[in-house]
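Structural overview for review
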Amino acid sequence: MTQKFNQNKQHTLGNPVSISGTGLHTGAIVDMKLCPASPGFGIQFQRIDLPGQPIIKADCDLVTDTSRGTTLQVGDAKVSTVEHILAALVGMSVDNVLIELNGPEIPIMDGSAQPFIEIIESAGIQEQEAAKIWYQIDENIFHYDEEKQVEMVAMPAANGFSVTALIDFNSPVLGTQYAQLKNIRNFKTEIAPCRTFSFLHELEMLLEHNLIKGGDINNAIIIVDKPITEGEMDHLAKVFKRDKVEVQSGGYLNNLELRFPNEPARHKLLDVVGDLALIGYPIKARILAHRPGHSSNVAFAKTIKAHIKRNKHIKDVPTYDYTQPPIYTLEHIEKTLPHRYPFLLVDKIIDLTDTSIVGVKNVTFNEQFFQGHFPGNPIMPGVLQIEALAQTGGILCINMMGEGEYDTYFLKIDNCKFKQMVRPGDTLLLKMELNSPIRRGLCDMHGTVYANGKVATEADMVAQVVRRKDK
């Protein structure tokens with residue numbers, strides 16, 4: 001990140017970029033491609049090797065396993081060991097990316113996030129027109145796990161995102177270690193190079209049960225926390241295809257040189273950054289984590305996400321701060337929709353996620369329809385309010401379709417209700433929310449028009465997204 005990097009804008013990759021490597025647990029060679037994505041897309045994985053090429057969002061609610069890394073799953077499609085690539089993307093402030101995989105697991109590489117940082121840098125980071133909406137933690141949020149002796153807290157921090165991690169495994173080798181990331185800009189140099197670690201007794205169990213088929217002595221720091229015989233040394237050397245292995249004086253296997261004296265604690269901090277990316281919202285907070293692990297990290301992410309949802313008042317009136325830059329300007333809207341004056345009824349987009357969107361329509365007396373609709377008593381036709389919602393929903397749907405040009409065609413409108421009149425001078429907030437994930441181009445949405453802080457119109461709509469034919 002350069003001095004000119006604008007943290008209040010969304011970012012994606014400048015170009016697609018690929019990397020291949022072995023999955024730690026499956027032992028399979030996996031090809032991974034990072035692709036640029038539209039504002040509001042977020043981080044999503046796609047299993048291109050499966051029928052239908054299912055997409056899995058980076059979302060803590062989709063985590064199904066944290067035993068040996070963090071696993072996301074939708075239906076029968078899963079992606080394992082996602083924490084390192086997520087940490088790299090957060091560390092480089094990349095908000096929107098589609099990650100294509102031809103296997104069930106992210107490549108382990110050297111056990112750190114450094115290889116992923118390198119390919120992100122080679123792709124370049126592209127600033128997008130959309131504003132990045134931060135969620136400001138306004139009170140302490142806690143997570144406790146008495147059984148595992150884990151304590152985590154997110155505290156208010158106006159200046160950004162910082163993490164402090166403390167580990168204590170009751171190990172004479174590790175002792176108590178401490179690591180701190182004061183600013184996300186330092187992630188690349190201070191945290192990304194730090195590799196995962198394993199105790200020798202855990203490694204032997206995993207090898208015995210064939211649970212790390214892609215395990216390599218070069219992708220983990222091995223901590224020797226018990227006496228080890230020459231026979232066991234010879235066995236490890238054979239397993240890892242080395243002439244000889246031995247224990248260094250510090251209690252580490254001689255497979256790797258430590259990059260930092262507290263590299264294990266720094267890697268635990270790396271995992272916290274990656275797992276908290278599953279909250280789905282960029283947050284400004286100071287994170288303190290005592291004895292963190294994947295299960296606790298994910299539980300903490302769910303707690304923070306639930307807090308944000310409660311306090312964002314998702315079902316209430318959207319807030320509109322005209323002093324803030326829009327997500328999409330009128331110029332960008334015209335690039336997305338085929339509509340033009342006088343039938344383009346959305347002026348700007350002020351909020352956009354993968355499931356909802358909020359647009360703004362400023363109603364003025366100069367609207368052409370006021371000349372013939374109730375002359376002398378100007379009222380905006382309800383059907384045009386529905387059309388404004390439809391156009392807003394069209395932007396949401398098209399934004400989720402990836403590369404290419406698309407149009408939306410509305411198939412059905414149900415439960416349409418007009419609750420108050422809209423007059424010149426009103427500012428309409430147009431909110432569309434997906435009722436269910438988009439499947440086969442079909443979008444089921446609920447729309448609400450807010451005027452003067454009250455619901456003016458609402459309806460359920462179904463649309464189909466169709467790729468534009470080549471001209």
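Here the structure is shown first, and the text comes after it.
Residues numbered from 1 in each chain as written. Predicted model: local features only at pLDDT ≥ 70, side-chain atom pairs only at ≥ 80, totals over all residues. Heavy atoms only, no water.

1. Describing the packing of aromatic side chains
What counts here: Stacked, tilted and edge-to-face are the three classes applied to pairs of Phe, Tyr and Trp rings, where Trp contributes its six-membered ring and a pair requires centres within 6.5 Å; stacked means planes under 30 degrees apart, edge-to-face means over 60, and tilted covers the rest. Two thresholds decide whether a charge sits over a ring: the Lys NZ or Arg CZ must be within 6 Å of the ring centre and within 35 degrees of the ring normal.
Considering all chains together, one arrives at three aromatic pairs under this definition. Considering the side-chain rings of Phe 365 and Phe 370, the 6.4 Å spacing of their centres and the 15° angle between planes classify their relative orientation as stacked. These aromatic residues form a ring-pair network of at least three members: Phe 365, Phe 369 and Phe 370. Of note, Arg 266 hangs over the ring of Phe 260, and the distance from its end group to the ring centre comes to 4.0 Å.

2. Topic: helix H1 (residues 83-91)
Selection rule: When accessible area is computed with a 1.4 Å probe and restricted to protein chains, residues below 20% of their type maximum are described as buried, those above 50% as exposed, and intermediate ones as partly exposed. The numbering of helices and of strands both runs from the N terminus, where a helix is a DSSP run of H or I of at least 4 residues and a strand a run of E of at least 2.
H1 sits mainly inside the fold: eight of its nine residues count as buried. Taken together, the buried positions of H1 are Glu 83, His 84, Ile 85, Leu 86, Ala 87, Ala 88, Leu 89 and Gly 91. Backbone geometry just after H1 places Ser 93 at a positive phi near 60°.

3. Brief notes about the environment of Thr 22
In this fold, Thr 22 is placed in strand S2 (residues 17-22). Relative accessible area serves as the criterion here: at 26%, Thr 22 is assigned to the partly exposed category. As for Thr 22 and Leu 288, which are separated by 266 residues in sequence, their C-alpha atoms are 32 Å apart.

4. A look at unusual backbone geometry
Look at the link from Tyr 341 to Pro 342: it is a cis peptide, with omega at 5°. With respect to the helices, strands and loops of the structure, Pro 342 is situated in the loop between helix H8 (330-336) and strand S19 (348-352). The backbone of Gln 53 sits at a positive phi, close to 45°, despite the residue not being glycine. For Gln 53, a relative accessible area of 38% puts it in the partly exposed group. We note that Ser 93 has phi near 60°; this positive angle belongs to a residue other than glycine. Residue placement: Ser 93 occurs in the loop between H1 and strand S9 (97-101). Since its relative accessible area comes to 11%, Ser 93 is described here as buried.

5. With respect to the sheet that holds strand S22 (residues 427-434)
Quick reminder of the rule: What makes two strands pair is DSSP finding at least two bridges between them. Note on geometry: axes are C-alpha line fits, over the in-contact stretch for helices, and angles between N-to-C directions span 0 to 180 degrees. Contacts between residues were defined by any pair of non-hydrogen atoms, one from each residue, lying within 4.5 Å.
Ordered by their spatial adjacency, six strands build an open sheet running S19-S20-S22-S23-S24-S21, and the pairing between neighbours is antiparallel. Looking along the sheet, the strands with just one partner apiece sit at the ends: S19 and strand S21 (406-418). The sheet shows a mean angle of 25° between the axes of neighbouring strands, taken without regard to direction. Sheet topology places S22 next to strand S23 (residues 442-451); seven bridges connect them, and they run antiparallel. Following the sheet pairing, Met 432 is matched in S23 by Gly 447. Lying on the sheet, helix H9 (residues 382-399) is in contact with S19, strand S20 (356-362), S21, S22, S23 and strand S24 (454-467); it crosses S21 at an angle near 135°.

6. A word on the packing of H1 against helix H6 (residues 263-276)
Which entries qualify depends on this criterion: Geometric relationships in this document are graded by angle, where less than 35 degrees denotes roughly parallel, more than 145 denotes roughly antiparallel, 65 to 115 denotes roughly perpendicular, and other angles denote oblique. Residue classes follow a fixed rule: Ala, Val, Leu, Ile, Met, Phe, Trp, Tyr, Cys and Pro count as nonpolar, while Asp, Glu, Lys and Arg count as charged, and any other residue, Gly among them, counts as polar.
Relative to each other, H1 and H6 sit at 80°, their axes nearing to 7 Å. When the interaxial angle is binned, H1 and H6 end up roughly perpendicular. Contacts between H1 and H6 involve Glu 83, His 84, Leu 86, Ala 87 and Val 90 from the former and His 267, Leu 270, Asp 271, Val 273, Gly 274 and Asp 275 from the latter. Residue classes in the contact of H1 with H6 are distributed as five nonpolar, three polar and three charged.

7. A look at the nonpolar core
One broad trend across soluble globular proteins is that nonpolar side chains are buried collectively. Going by this rule: Each nonpolar core is a collection of buried residues, namely Ala, Val, Leu, Ile, Met, Phe, Trp, Tyr and Cys, held together in the definition by side-chain atoms within 4.5 Å.
Counting residues in hydrophobic clusters, the biggest one holds 73 residues, and the most contacted among them are Leu 34, Phe 45, Ile 99, Phe 187 and Ile 287. With six residues, H6 is the largest single contributor of residues to this core. Residues Val 346, Ile 395, Cys 397 and Cys 443 belong to the second largest nonpolar core, which totals 40 residues.

8. Details of the sheet that holds S2
Spatially, the five strands line up as an open sheet ordered S2-S3-S9-S4-S5, and their pairing is mixed. Of all strands in the sheet, those bounded by a partner on one side alone are S2 and strand S5 (55-57). The mean angle between the axes of side-by-side strands here comes to 25°, regardless of whether they run parallel or antiparallel. Strands in contact with H1 are strand S3 (29-36), strand S4 (43-47) and S9; relative to S4, the strand with the most contacts, it is inclined by about 145°. Most of the contacts of helix H2 (residues 114-123) go to S2, to which it runs at about 160°, and overall it touches S2 and S3.

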